[in-house]
Amino acid sequence: MFQEKFREGIVSARDFNREDIEYILKKGQEMIKVKNLDILKGKILATLFFEPSTRTRLSFESAMHRLGGSVIGFQSGDVSSIKKGESLADTIRTVENYSDCIVIRHPMEGSAKLASRFAKVPIINAGSGSKEHPTQALLDLLTITEEVGELDGLNIGIMGDLKYGRTVHSLAILLSNFDVNVYFISPEELRMRNRYKDYLYHERRMKFKELSEYRKILDVLDVLYMTRIQKERFADLEEYERVKDIYVFTQKDLKNTKENFKLLHPLPRVNEISPEIDKSEKAIYFKQTHYGLQMRKAILAELMRD
Amino acid sequence: MFQEKFREGIVSARDFNREDIEYILKKGQEMIKVKNLDILKGKILATLFFEPSTRTRLSFESAMHRLGGSVIGFQSGDVSSIKKGESLADTIRTVENYSDCIVIRHPMEGSAKLASRFAKVPIINAGSGSKEHPTQALLDLLTITEEVGELDGLNIGIMGDLKYGRTVHSLAILLSNFDVNVYFISPEELRMRNRYKDYLYHERRMKFKELSEYRKILDVLDVLYMTRIQKERFADLEEYERVKDIYVFTQKDLKNTKENFKLLHPLPRVNEISPEIDKSEKAIYFKQTHYGLQMRKAILAELMRD
Amino acid sequence: MFQEKFREGIVSARDFNREDIEYILKKGQEMIKVKNLDILKGKILATLFFEPSTRTRLSFESAMHRLGGSVIGFQSGDVSSIKKGESLADTIRTVENYSDCIVIRHPMEGSAKLASRFAKVPIINAGSGSKEHPTQALLDLLTITEEVGELDGLNIGIMGDLKYGRTVHSLAILLSNFDVNVYFISPEELRMRNRYKDYLYHERRMKFKELSEYRKILDVLDVLYMTRIQKERFADLEEYERVKDIYVFTQKDLKNTKENFKLLHPLPRVNEISPEIDKSEKAIYFKQTHYGLQMRKAILAELMRD
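Residues numbered from 1 in each chain as written. Chains lettered and ligands numbered in written order. Predicted model: local features only at pLDDT ≥ 70, side-chain atom pairs only at ≥ 80, totals over all residues.

1. Structural notes on the overall build of chain A
Piece 1. When its secondary structure is counted, chain A shows eleven helices and ten strands.
Piece 2. Relative to a compact globule of 306 residues, whose C-alpha radius of gyration would be 19 Å, chain A shows 19 Å and is just as compact.
Piece 3. For chain A, the spread of C-alpha atoms along the three principal axes comes to 55 × 45 × 40 Å.
Piece 4. The buried share of chain A, reckoned over its 306 residues, is 53%.
Piece 5. For chain A, long-range pairs separated by at least 24 residues make up 76% of all intrachain contacts whose partners lie at least 6 apart in sequence. (Helix = DSSP H or I, 4+ residues; strand = E, 2+ residues; numbered from the N terminus. Rg over C-alpha atoms; globule rule 2.2 N^0.38 Å. Buried ≥ 20, exposed ≤ 12 C-beta atoms within 10 Å, placed from the backbone. Contact = placed C-beta atoms within 7 Å.)

2. Some words on the relation of the copies chain C and chain B
Piece 1. Note on the copies: chain C fits chain B at an RMSD of 0.0 Å, the axial shift is 0.0 Å, and the rotation between them is 120°. As the rotation angle and translation indicate, the two copies are arranged about a three-fold axis. (Least-squares fit on C-alpha atoms with pLDDT ≥ 70 in both.)

3. Focus on the interface of chain A and chain C
Piece 1. Opposite the 19 residues of chain A that make contact, chain C presents 21 residues.
Piece 2. Secondary structure elements with two or more residues in the side of chain A that touches chain C: α3 (55-66) and α11 (285-304) of chain A.
Piece 3. Ranked by residue count, the leading element in the side of chain A that touches chain C is α3 of chain A, at six residues.
Piece 4. Of the residues in the side of chain A that touches chain C, the class split is seven nonpolar, nine polar and three charged. (Nonpolar A, V, L, I, M, F, W, Y, C, P; charged D, E, K, R; others polar.)

4. So, the interface of chain C and chain B
Many structure descriptions define interface size as the accessible area lost when the parts assemble.
Piece 1. Opposite the 19 residues of chain C that make contact, chain B presents 21 residues.
Piece 2. Looking at the side of chain C that touches chain B, the element that brings in the most residues is helix α3 (residues 55-66) of chain C, giving six residues.
Piece 3. In terms of residue class, the side of chain C that touches chain B is built from seven nonpolar, nine polar and three charged.

5. Some words on the environment of Ser12 of chain B
Residue and element names in this part refer to chain B.
Piece 1. Structurally, the position occupied by Ser12 is in the loop between β1 (9-10) and α2 (18-32).
Piece 2. Sequence-wise, Ser12 and Gln75 are 63 residues apart; in three dimensions their C-alpha atoms are separated by 22 Å.
Piece 3. Setting aside its immediate chain neighbours within four residues, Ser12 contacts Asn125, Glu132 and Pro134.

6. Topic: the sheet that holds strand β8 (residues 207-211) of chain A
All names here are of chain A.
Piece 1. Strand order in the open sheet formed by five strands is β8-β7-β6-β9-β10, and the pairing between neighbours is parallel. Of all strands in the sheet, those bounded by a partner on one side alone are β8 and β10 (262-264). Across the sheet, the mean angle from the axis of one strand to that of its neighbour is 20°, orientation sign disregarded.
Piece 2. Note that strand β7 (residues 181-185) and β8 share five bridges and pair parallel. Of the residues in β8, the one forming a bridge with Tyr183 is Lys209.
Piece 3. Helix α7 (residues 166-175) contacts β6 (155-159), β7 and β9 (223-226) of the sheet and is inclined by roughly 160° relative to β6. (Pairing = 2+ DSSP bridges. Axes fitted to C-alpha atoms, helices over the stretch in contact; angles between N-to-C directions.)

7. Structural notes on the domain arrangement of chain A
All names here are of chain A.
Piece 1. If you check the domain split of chain A, you get domain 1 (2-132 + 290-304) and domain 2 (134-288).
Piece 2. Computed from C-alpha atoms alone, the centre-to-centre distance between domain 1 and domain 2 is 24 Å.
Piece 3. Taken together, the 27 residues of domain 1 in the interface contact 21 residues of domain 2.
Piece 4. For the side of domain 1 that touches domain 2, the secondary structure elements donating two or more residues are α2 (18-33), β5 (123-128) and α11. (Domains from an automatic or database assignment.)

8. Comments concerning the environment of Lys258 of chain B
All names here are of chain B.
Piece 1. Inspection of the secondary structure assignment puts Lys258 in the loop between α10 (251-255) and β10 (262-264).
Piece 2. Look at Lys258 and you get partly exposed, because 14 C-beta atoms sit within 10 Å.
Piece 3. As a C-alpha pair, Lys258 and Asp20 span 238 residues in sequence and 31 Å in three-dimensional space.
Piece 4. In contact with Lys258, not counting residues within four places along its chain, are Asp219 and Asp222.

Below you can see the structure in the form of structure tokens.
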């Protein structure tokens, strides 16, 4: 079922219904228990990163090795034929001949969708512009279900850069398949765009509120998902300077949270979470990277195993 | 025989006689039928790319993995000790200790030849300046023999940048071992240099004509090999602007070709082939990348297997 | 013992006593005899290079493959999340989830120490600022013991940039565990810093002399260890220009050395060793890279095998 539905790859969180999510979460849970498998021996994953990455690229590559497979790719558009003027479609129609699955990160919105239209092998969207990052959202859900519990009924805050943050877009869309209460917390300038809110409200019937201040609702949240204000997405650096330190989560904030409260962050963080919190059991952003590896193992296994 | 003759590697198309070419084409054909082999298990390929590449590097790396081997290397001279002033000879005498074969792309003419003089392991020239790219030419011949048929008797056009294009130099030299009619099509400024033409005419007795216009001979060609006008090779950007769009192959051109006509291109392309052609059975430049993988599997197997 | 003591990794030459060094030298010697092993199958090495490298990175990666393991990593800080403002500690706490051991090169002094404080997996210091490069020093000792003989009693010159050269700092510290006579040869501007000399003299009771001229003592030396004057460490380029060609070892120098004299260099070299010497049996800097691979195989095996 899942394999059949996603045989062209994982491009957008919009393609997932509740059943799909529950299926892949179960597969991710199974991966937690096994460090190495040999099910992708002889398979090749191509990782095409036109934008810098540590976590996403390395976790996909580690996942591929843990499953017995091999990896080819590039870490920057500078070293590829893009520099010579090649189109993304041509790059894809080339690399599909060398690999069994392609992971792509590209600054252009819609890039992964475009790639999947041309490719004979599955495409995994590892970040397309400021729009989507579906595998990050899947690993976020795996983290929440493992560390907090059932998604239904949870109060979830999503805070920071909701305008340019691609992870929050994909996360909100996935969450709309569950019975959750979502709080979108951001400065006015970084509110989620109307097209996303309209989609979530009208098409997915999601329950959400918008706020500028998080302290008032901290005691009701089960989960707070923080994000970095992404300097590289701002055309206007002055605007960046004005908002960059608007939210800094501290030890004091932590005291006002529920006993089972968990703080997530897709990382990298800059100043928005004080390092004094790192050792708290409520701070699980490094565990998230562990679950990320497991989720990516699950995804690669589903897309490539025979 | 082949293994013995090329034990120092594949440096120049000039080293190949007809028998060598036919041997490696046969090996390439055999590779088409097998996706994975384990014959290079425990072997390490080093890919040293001082100039950017997508196809060549990734296809060598994919080929190595498909044969069970491992890969080390770099994708840009910026991240190596060259930046600290190291000579190419010293780099080679270092990397030969870490690997069983070295693939090198370097902007300097004669770089691969130099490397092979110093190395204990086989060197594969993956592009040396504007002079040679022999494995590209071998994969081009594999593509033609598989998709068109016997080389003898074919009418082959080679078009575009014949002055700076290293792939066309290696291709022309390899073709001179066969009974083909070659048409070199280029603007005056990008004619093939005399030293190549003299070599082809006087030493190899190749039959060729030079033209500036391709439309008149389109109906006699069995194969047209197009190339990109390479911006990065021009010292004078004005000259580049004058010639860059001189040849643009369109749907209309395609209609004037023979039924079995095939259009090849080493890729990347920029504007010289209209994307509307991509779906035609006559356009086989993406198939070329598939054959490239097979030819590189064949080459690596010959140079490294015990 | 060794495994237990270095379970957090190899961070500083200061952590090694004579017994540790002799143990790992023996392991390195054993590795010379075996090309491939399968003892690290299923293990993943992460190579995080924030500064350029050819030898160190590629030799670690080759060593890992020779032992049956896999590699992930990056070759430049530009392609990682550091560019987005991530701290080194956060990068480490992420990558430790994807790997079984981390090799790190970073421009900041103390970077490897910091990394080892945060990591659950062993850290290998592949160069931290101008301070330490312990695995280079270990491979230097393996080279000397294999090519010259027992360390005790040797007269060893260490020449060049003793101020900024991290390899010489680690080498001197390791040598202080043996009964050697050391000559530190450098221009005034590039003398070894007092904190190192104080440590070597007062805490390690090392016997050393400082000189500006090497020719007078050439006939007493068993080993001369040359280093590059590192342009990238100078704030003042004029100072660099003044000292860069101060030592150039020539054929004529070689004639004034003992019969069993050996010349080492960590490479890359620029002008400081004349290439005419390369073929002499006294010049063993390329053999050093071979021993480097063996020592790194030994280190990786110790740190990761079950």
